[in-house]
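Listed below are the residues making up each chain.
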Amino acid sequence: MLGRFGRLLFSLAIIGIGVETLICSYLSGHSLGPHHKVVPVIPWLPAIPTLAYLVGAILILCGAGLLFQRTLMVSAVTLGALMLFCGFAFDVPRRPNLMSAEWRTNVLESIAIASLAWLAPGLGGIPRWLHRTSRYLLAFALIVFGIAHFQVLTFIASLVPGWILWHRFWTVFFGVAFISAGVSFATGFLQRWAALGVGLMFALWTVTIHVPPVLNFFRTPGAAQDPDKWSDVFIVAALWGGSWALARDLRDRKDLSLGADLNRA
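Chemist: Which parts of the structure should I look at to understand helix α3 (residues 69–91)?
Modeler: Spacing of three or four residues puts side chains on the same side of an α-helix, whose turn is 3.6 residues. In this model α3 runs 32 Å from its N-terminal to its C-terminal C-alpha over 23 residues, within 8% of the 33 Å that 1.5 Å per residue would give. Remark: the principal bend of α3, roughly 25°, maps to Ser75. Every buried residue of α3 is listed here: Leu72, Ser75, Ala76, Leu79, Gly80, Leu82, Met83, Leu84, Cys86, Gly87 and Asp91.

Written out as structure tokens, the structure is:
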């Protein structure tokens, strides 16, 4: 049940990203104006309506395709390739500093979603080299996410809602958890538990940090709509759902350990 819910949530989040991209594609040529150099939703495209329309449509089709077994592999491979290409083609040249906040959010989020997409069909659904590469890319992204919790500890702690105690403690705790999960995926040790834990972390952040600002938009008449807030919800939901969907596939797969990979290389 958890794995099926994760697959559904991941698919819906990708569809949401595609729909938001289409909306922002229209606005980028209108009310957003020329000051917006990128469409404010992952993947962080240049504010060129034609390009964003195309990418948005592909994201919606891929998200819908992930819901059906017949189109799962094609949709997963296409989505992963699109996210990775956009991240490296449009963001890496503008964000060369690996440890900068922009690199982490603009590039690594794309890499993490791409990896989860490629891992969605399971070990038998994609080539083994792509499955292995996806695990290592996901591990890399998670480890850098964890390091960031220590680099900008005060800032991240300030994002924790005021009704939650011990802001710094939780920031450090989740930083360690990210790094541990990354090491788990890289080595093949306790991968299922790592996927469950990462999904739980993103689930907590979805309901405590990212959803409330969006709900506040509906409660406050005339409130300005910030596309970044919607982007945050869809991105975190995709990482949440993709992690839990991955946990289902890893449940009984002992052959995903690092040793098994080396023996088959």
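Read on for the rest.
Chemist: What am I meant to see in the confidence of the model for the chain here?
Modeler: Fine structural detail should not be taken from predicted coordinates in areas where pLDDT scores are low. Looking at the chain as a whole, the pLDDT averages 80, with 81% of positions reaching at least 70. Looking at the elements of the chain, mean pLDDT is at its lowest for helix α10 (residues 258–264), recorded as 40, and at its highest for helix α2 (residues 49–65), recorded as 91. Residue range residues 251–265 is modelled with pLDDT below 50. Its contacts to residues more than four positions away, or to other chains, number 28 contacts.

Chemist: Sorry if this is basic, but what is going on with unusual backbone geometry here?
Modeler: With glycine set apart, most residues show a phi of negative sign, and most peptide bonds adopt trans. Positioned with a positive phi, Trp166 is a non-glycine residue whose angle comes to about 60°. Looking at Trp166, the relative accessible area reads 60%, which means it is exposed. Of note in this structure, Leu190 is not a glycine but carries a positive phi near 55°. Here Leu190 is to be found in the loop between α7 (167–187) and α8 (191–219). For Leu190, a relative accessible area of 48% translates into the label partly exposed.

Chemist: Explain the packing of aromatic side chains to me, please; I cannot follow it from the model alone.
Modeler: Working definition: an aromatic ring pair is given by the centre-to-centre distance plus the angle between the planes. Taken as a whole and judged by the stated rule, the model has 15 aromatic pairs. Seen in terms of ring centroids, Phe178 and Trp205 are 5.5 Å apart; in terms of plane orientation they differ by 45°. Their pairing is tilted. Placement of the pair is Phe178 in helix α7 and Trp205 in helix α8, with a sequence separation of 27 residues. Taken together, the ring pairs connect Phe145, Trp166, Phe169, Trp170, Phe173, Phe174, Phe178, Phe202 and Trp205 into an aromatic cluster.

Cut-offs used in this document
Residues numbered from 1 in each chain as written. Predicted model: local features only at pLDDT ≥ 70, side-chain atom pairs only at ≥ 80, totals over all residues. Heavy atoms only, no water. Helix = DSSP H or I, 4+ residues; strand = E, 2+ residues; numbered from the N terminus. Expected span 1.5 Å × (residues − 1). Bend = angle between axes of the 7 residues up to and from the residue. Buried < 20%, exposed > 50% of the residue type's maximum accessible area, 1.4 Å probe, protein only. pLDDT = per-residue confidence, 0-100. Contact = heavy atoms within 4.5 Å. Phe/Tyr/Trp six-rings, centres within 6.5 Å; stacked < 30°, edge-to-face > 60°.

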